[in-house]
Amino acid sequence: MEEFHKVRRLPPYVFEQVNRLKASARAGGADIIDLGMGNPDLPTPKAIVDKLCEVVQDPRTHRYSASKGIPGLRRAQASYYARRFGVKLNPDTQVVATLGSKEGFANMAQAITAPGDVILCPNPTYPIHAFGFLMAGGVIRSLSVEPDESFFGPLERAVRHSIPKPLALILNYPSNPTAHVATLDFYKDVVAFAKKHDIIVLSDLAYSEIYFDDAPPPSVLQVPGAIDITVEFTSMSKTFSMPGWRMGFAVGNERLIAALTRVKSYLDYGAFTPIQVAATHALNGDGSDIAEVRNIYKRRRDVMVDTFGKAGFEVPPPAATMFAWAKIPEKFRHLGSLEFSKLLVEKADVAVAPGIGFGEQGDDYVRLALVENEHRIRQAARNIKRFLSSADETMHNVISLNAHR
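Computed from a predicted model, the values in this text were never measured in an experiment.

Novice: Quick one: what's the story with the overall build of the protein, residue by residue and with numbers?
Specialist: Assigned secondary structure in the protein consists of 13 helices and twelve strands. Relative to the 2.2 N^0.38 estimate, which gives 22 Å for 405 residues, the radius of gyration of the protein is 22 Å and therefore close to what a compact globule would have. The 405 residues of the protein split such that 57% are buried. In the protein, the share of contacts with a sequence separation of at least 24, taken over all contacts with a separation of at least 6, comes to 76%. Total accessible area computed for the protein in this model is approximately 17,800 Å², and 53% of it derives from carbon and sulfur atoms. On the protein, the mean spot of the 47 positive side-chain charges and the mean spot of the 44 negative ones are 3 Å from each other.

Structural data, given as structure tokens:
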């Protein structure tokens, strides 16, 4: 049967190939160390869970909730932005709760995109940044992901040679998957450019609190006047280890937030009220839970960088996010990231995310998620070392290690 139009517009979901191989290996008894999916393994802090349990006892909270988020939750998010970034937001008109930042991005695409609209999107990047607009009928034009002077040449050319003129520019810093971090000066240049060309800025700031030095990542909304053209998306999934709770936010320009709010009002009734109340409690906390999560990821990062490096698989230390973005060892680079990821499952019992899944510019890389404890990360390094050291002898009949793409 012929696929439906919107399904045809979507690229193949390459992660599914690794997932099937991983499931098959586990079914056969293999102990797969899963560094693939960015699914936090840390438990949600007890105080947040306790608040949920308390509120869920009240039957009044079992009814439909507010699609845009209960008032207390929106006020808590506005207070977070004031504390963390010095950005003042009106919780009634400039904040909307979303079912995670992924849903917010997808529904923003539905709200603002007409068929054929051009969207400027980094490559590689988190898939929903492109897929959401593809499903809405948009056209993606890829850009460099590095937040430095190299970003602006391709950006200028994209605007000059796009017909129609681009509607929106997507930013994602700290970046998933590359872990690049933007500076406030970079954001100032982006905002000036976007205002000059009348382009909407959509910023994914899901990893604002997962950083490993003394320079917290900024928000683009800290730039004076950025709110005139910008909406920013955040998530509680990583910051508070709440991935399954599906709680995030979109904040910024009133017109854009109103469009997103209206679309959402047709599609959902919002998150379960007890979840929203517990999320409010988390946002109004003292930040100690966030600091502990950050420290755990930092220790895991340091162990991964050290042990993988000693195993012969160099992993540059990420400055932020819960991911490392590592180039495939030279001997295997000709295979591409999908085939190399399959090899790691088959030969080393380690699952990673192939870089091609984040865009064609990521095909020389794999993404490693810090979602296993330090002991398991060390075991993964030992497995990889054993695989790499024996590859010449054990794989000469399987693949040509001297071939080139």
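Novice: Tell me what's going on with helix α12 (residues 337–348), and back it up with residues and numbers.
Specialist: Between its first and last C-alpha atoms α12 spans 15 Å; for twelve residues at 1.5 Å apiece the expected length is 16 Å, and the two agree. Burial of α12 is extensive: nine of the twelve residues sit out of reach of the surface. Taken as a whole, α12 has its buried residues at Ser337, Leu338, Phe340, Ser341, Lys342, Leu343, Leu344, Val345 and Ala348. The first or second residue beyond α12 is Asp349, which carries a positive phi of 55°.

Novice: An account of unusual backbone geometry is requested, with residue identities and associated values reported.
Specialist: Here the residue pair Asn123 and Pro124 is connected by a cis peptide bond, since its omega of 10° sits within 30 degrees of zero. Topologically, Pro124 is positioned in the loop between β3 (118–122) and α6 (127–135). At the junction of Ile163 and Pro164, the peptide bond is cis and its omega measures out at 0° in the coordinates. One can find Pro164 in the loop between α7 (152–160) and β5 (168–172). Positive phi is not limited to glycine here, since Asp198 has a value of about 55°. Along the chain, the position of Asp198 falls in the loop between α8 (184–196) and β6 (200–204). Not every positive phi belongs to a glycine, and Arg246 is a case in point at roughly 55°. Positionally, Arg246 belongs in the loop between β7 (230–235) and β8 (248–252).

Novice: Got a sec to walk through the sheet that holds strand β12 (residues 365–369)? Specific residues and values, please.
Specialist: Sheet strands line up and pair through hydrogen bonds in the backbone, either parallel or antiparallel. Within the open sheet, the three strands sit side by side as β9-β12-β11. Their pairing is antiparallel. For this open sheet the edge positions go to β9 (323–327) and β11 (353–354), each flanked by a neighbour on one side alone. Summarising the sheet, β9 and β12 pair through five bridges and their orientation is antiparallel. Paired with Ala326 across the two strands is Val366, which belongs to β12.

Novice: So what's going on with the UniProt feature "domain: Aminotransferase class I/classII large" (unreviewed entry) in the protein? Which residues, and what values?
Specialist: Those residues carrying the UniProt feature "domain: Aminotransferase class I/classII large" (unreviewed entry) are residues 31–382 in this numbering. Here residues 31–382 is 39% helix and 14% strand, with 14 Å between the C-alpha atoms at its ends.

Novice: I'd love a proper account of the pairing of β3, names of residues and values included.
Specialist: Of all five residues making up β3, five are buried, and the element is well covered by its neighbours. The alternating pattern of β3 places Val118, Leu120 and Pro122 on one face and Ile119 and Cys121 on the opposite face, and all of these are buried. Bridge count for β3 against strand β4 (residues 139–143) is five bridges, and the pairing is parallel. The residue of β4 that forms the bridge with Leu120 is Arg141. Regarding the hand of the β-α-β motif, the stretch spanning β3, α6 and β4 is right-handed.

Novice: Just give me the short version of the side chain of Asn383, but keep the residues and values in it.
Specialist: Structurally, the position occupied by Asn383 is in helix α13 (residues 374–394). Discounting chain neighbours no more than four positions away, the residues touching Asn383 are Ile33, Ala348, Asp349 and Val350.

Novice: Go over the sheet that holds β6, please, and point to the residues and values.
Specialist: Read from one edge to the other, the open sheet built from seven strands follows the order β2-β8-β7-β6-β5-β3-β4, with strand pairing classed as mixed. Single-partner strands in this sheet number two, and they are β2 (95–98) and β4. Shown here is a sheet whose adjacent strand axes are inclined to one another by a mean of 20°, direction ignored. In this structure, β3 lies alongside β5, joined through two bridges in parallel fashion. Note that in β5 the partner of Ile119 across the bridge is Ala168. Its contacts with the sheet place helix α9 (residues 254–267) against β2, β6, β7 and β8, and it is angled at close to 35° to β2.

Rules used in this analysis
Residues numbered from 1 in each chain as written. Predicted model: local features only at pLDDT ≥ 70, side-chain atom pairs only at ≥ 80, totals over all residues. Heavy atoms only, no water. Helix = DSSP H or I, 4+ residues; strand = E, 2+ residues; numbered from the N terminus. Rg over C-alpha atoms; globule rule 2.2 N^0.38 Å. Buried < 20%, exposed > 50% of the residue type's maximum accessible area, 1.4 Å probe, protein only. Contact = heavy atoms within 4.5 Å. Areas by Shrake-Rupley, 256 points an atom, 1.4 Å probe, with all protein chains shown as cover. Lys, Arg positive; Asp, Glu negative; His and termini not counted. Charge placed at Lys NZ, Arg CZ, Asp CG, Glu CD. Expected span 1.5 Å × (residues − 1). Pairing = 2+ DSSP bridges. UniProt positions renumbered as here; feature names shortened; annotations may be inferred. Right-handed = clockwise from strand over helix to strand, strands pointing away. Axes fitted to C-alpha atoms, helices over the stretch in contact; angles between N-to-C directions.

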